[in-house]
Every structure is written in structure tokens, then in C-alpha cells.
Amino acid sequence: MKQLNYIVCLDFETGGLDCRKHPVTQIGMEILHPITFEVIKKYSDYIYPYPKKDSVGGDGRKKKVVSKRERGDKQEELYEYTETALSYTNITMDTLYKRGKNIVDVMNNVLDIFKSANPTNARNYKPVLLGQNLKFDIGFLQHMAKYCGVELKKHLDGGIDFYGNFQPNYFDTLHLGKTYFASDEKTTSHKLGLMSNKLGVELVNAHDAMADVEATSAIFSSLMNNMRSTSSNNSKDSSESSRKHFNF
């Protein structure tokens, strides 16, 4: 079996823009085959509101509830859920409390996706991430991993940066779109919804993590297939042009 770097498309919805002080509220993921872009596996969950790290045990789960006297009347402090972010994603705290999963359980499910995207468990063929404006999501993936005591370098393709931190390798449809539509003067924005319209990709319920993942995967597939087709045609033209000037 040929070794391949499978692709994991990822999207987070969050309680704010700062991964150091805001929480993850929802995650969506898809595994894509790197040749056919077939969707192999999907995963999505809401995340139950969780306390800051100094309020939890070593496994990321809540500490045992103690009396006010024992804790000195100190209340459990959650990460900051901003009204702006919750309104933007149409996620309520009530939804998170009713449908959310424990962050440790969600992280374990994320790791299962990464493992499924490396079926031969090959060290040099770990999955590569995909997303729209993915640096934002990577920050929250690192937030989750640190919170749960997970080393992402064991599971993802990437390398160590200047500061000694692991950074995953990735494809970003935002930058691919900017390159693909560079000659189109009418395309002045490369947001997910606008690129979906340009490429005929369906985007229902935008800012839902799974809906955004499905649109991002479809955009990536469309861009790559078009680029492959263009590259194939250019190679043929180049070969035919060369025959006019050289003998083979």
C-alpha cells in the first residue's frame, strides 16, 4: 500500500478570539483522501463549559466538589465566553451545558481522528491539517492539547519553530483562494461564503463548525482539481511547444 499523508480538515467555534483566555465551544473535522479528496470520516461535538486549568485535576477533568469552607468561598472560574462570539456562532451557554461533551473526551475523539488519518502509523506520513484561516484554529487546537496534556507532534505532520514549539503543517483555503483568484479583479474577498458562491459549493448554516468544515473541504477539492487539470494542460502544451524547436 502506498504511503500517503492524509488530510484532516478542521474548524473550531470558540467563546472569543484569544486562545489564551477564551474556550472552545464546538469542533468539526473530516478526513480527506489526498488523491481523491473522498471524505473518509467525520466528527463533530460541542464542548461542555470548562474551568481554567488551575481549577481542574491533572487529567483535565473537574476536581472533586468541596464545601465553601474548604475552598475558602473561591468559585470555579470558567474561561471567558463573550456575548459577541456566542451571538456570531449562534451557540448558547444552554446548548453547551445540555449538549456539550467533556473537553478531555473531545480531545480523545480528536486524537482518534488523527490516528484514523494515519492508517499505517507511519512516522513520516502523519496527517496534514486543512482549514480556512487555519492559524486561528491551530491556536485553539494547541489550547485544547495543552489543557489535556497532549503532544500534537506525536500525531500531526509538522516541525519545531524558532522558540522550540511544535507547529503543524497545513493547507489554508484562504491563501489558496487568494492565489487561485489573483487574476480575477472582481474577487476582492476570500471569505468562506464568497468562495463557496464562486465555486458553486453549498454552505448551509455558516459558522457551524461541521458546516464550515464541509464547505472548506469542498472548496479545497475544487481548487486542487482545477489546479491539477490546469497543470496537466500546461504540461501538454509545453511538450507540444518544445517539439517545434527540438528533436526528440
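Starting from 1, residues in each chain are numbered consecutively following that chain's sequence as written. Restriction of local features to residues with pLDDT of at least 70 applies here, the model being predicted, together with a cutoff of 80 or more for giving and counting side-chain atom pairs; totals for whole chains, interfaces and linings are based on all residues. Hydrogens and water molecules were not included; the side-chain quantities draw on all heavy atoms of the structure.

Quick look at the overall build of the protein chain now. Of regular secondary structure, the protein chain possesses eight helices and seven strands. Note on classification: 1.4 Å probe, protein chains only; a residue is buried when its accessible area is under 20% of the maximum for its type, exposed when over 50%, partly exposed between these limits. Expressed as a percentage of the 248 residues in the protein chain, the buried residues total 44%. Note on areas: Shrake-Rupley, 1.4 Å probe, and residue coverage restricted to the protein chains presented here. A total accessible area of about 14,500 Å² is found for the protein chain, and carbon and sulfur atoms account for 48% of it. Numbering of helices and strands starts at the N terminus; helices are DSSP runs of H or I of at least 4 residues and strands are runs of E of at least 2.

By the element assignment, Ser 217 lies in helix H8 (residues 209-243). Between the alpha carbons of Ser 217 and Gly 131 there is a distance of 7.9 Å; along the sequence they are 86 residues apart. A contact between two residues is defined here by any heavy atoms of the two lying within 4.5 Å. Ignoring sequence-local partners within four residues, the contact set of Ser 217 consists of Cys 9, Glu 30, Leu 32 and Leu 130.

One non-glycine residue, Asn 90, lies in the positive phi region at around 60 degrees. Here Asn 90 is to be found in the loop between helix H2 (83-89) and helix H3 (93-99). The exposure class of Asn 90 is exposed, given its relative accessible area of 67%. A positive phi angle, close to 55 degrees, is found at Asn 133, a residue other than glycine. When you line up the elements, Asn 133 lands in the loop between strand S4 (128-131) and helix H5 (134-148).

Turning next to H5. Every α-helical turn comprises 3.6 residues, leaving residues that sit three or four positions apart pointing alike. In this model, H5 (15 residues) spans 21 Å end to end at C-alpha, consistent with the 21 Å of a helix rising 1.5 Å per residue. Counting buried positions over the 15 residues of H5 gives 11, a clear majority of the element. Taken together, the buried positions of H5 are occupied by Leu 134, Asp 137, Ile 138, Gly 139, Phe 140, Leu 141, His 143, Met 144, Ala 145, Tyr 147 and Cys 148. Along its buried surface, H5 packs onto strand S1 (7-14), strand S2 (24-32), helix H4 (103-116), S4, strand S6 (166-168) and strand S7 (170-172). In the segment just after H5, Gly 149 is the residue with positive phi, at about 70 degrees. The span you would expect from a helix comes to 1.5 Å times its residue count less one.

What follows concerns the environment of Gly 100. For Gly 100, the location among the structural elements is in the loop between H3 and H4. Residue classification places Gly 100 among the buried residues on the basis of a relative accessible area of 17%. The spatial distance from the C-alpha of Gly 100 to the C-alpha of Pro 49 is 7.5 Å, given a sequence separation of 51 residues.

Let us look at the side chain of Asp 172. Along the polypeptide, Asp 172 turns up in strand S7. Here Asp 172 occupies a buried position and makes no salt bridge, while the nearest side chain of opposite charge, Lys 135, is found at 8.0 Å. In this structure Asp 172 touches Gly 131, Gln 132, Asn 133, Leu 134 and Lys 135, once residues within four positions along its chain are discounted. Lys and Arg are tallied as positive, Asp and Glu as negative. Neither His nor the chain termini are counted. Any carboxyl oxygen of Asp or Glu that lies within 4 Å of a side-chain nitrogen of Lys or Arg is treated as forming a salt bridge with it.

Turning to its location among the elements, Lys 135 is positioned in helix H5. For the pair Lys 135 and Pro 168, spaced 33 residues apart in the sequence, the C-alpha separation amounts to 9.9 Å. If sequence neighbours within four positions are ignored, Lys 135 has contacts with Tyr 170 and Asp 172.

This brings us to the nonpolar core. Of all hydrophobic cores here, the largest spans 40 residues; its most connected members are Ile 27, Met 29, Val 110, Phe 114 and Leu 141. Breaking this core down by element, the ones donating at least two residues are S1, S2, strand S3 (39-46), H4 and H5. Among all residues touching Ile 27, those that are not within four sequence positions of it are Leu 10, Asp 11, Phe 12, Tyr 43, Ser 44, Asp 45, Ile 47, Val 106, Val 110 and Ala 209. Working definition of a nonpolar core: buried Ala, Val, Leu, Ile, Met, Phe, Trp, Tyr and Cys residues. They are joined through side-chain atoms within 4.5 Å. By size, the runner-up hydrophobic cluster in this structure holds 18 residues, among which are Phe 37, Phe 181, Ile 219 and Met 224.

This brings us to the pairing of S2. Burial within S2 is extensive, with nine of its nine residues counted as buried. Relative to S2, S1 is paired through eight bridges, and the arrangement is antiparallel. Directly across from Leu 10, in S2, lies its bridge partner Met 29. We call two strands paired when DSSP finds no fewer than two bridges between them. Summarising the sheet, S2 and S3 pair through seven bridges and their orientation is antiparallel. For Gly 28, the partnering residue across the bridge sits in S3 and is Ser 44. Hairpin connection between S2 and S3: a loop of six residues separates the two successive antiparallel strands, and Phe 37 in this loop has a positive phi of roughly 65 degrees.

Let us now look at the sheet that holds S3. In spatial order, the strands read S3-S2-S1-S4-S7; together these five strands make up an open sheet with mixed pairing. The open sheet is flanked by S3 and S7, the only strands paired with a single partner. Ignoring strand direction, the axes of neighbouring strands in this sheet form an average angle of 20 degrees. Summarising the sheet, S1 and S4 pair through three bridges and their orientation is parallel. When the bridges of S4 are listed, Cys 9 appears paired with Leu 130. Only the stretch in contact is used when a helix axis is fitted, and all axes are lines through C-alpha atoms; the angle between N-to-C directions ranges over 0 to 180 degrees. The strands that helix H6 (residues 173-180) touches are S4 and S7; relative to S7, the one it contacts most, it runs at about 50 degrees.

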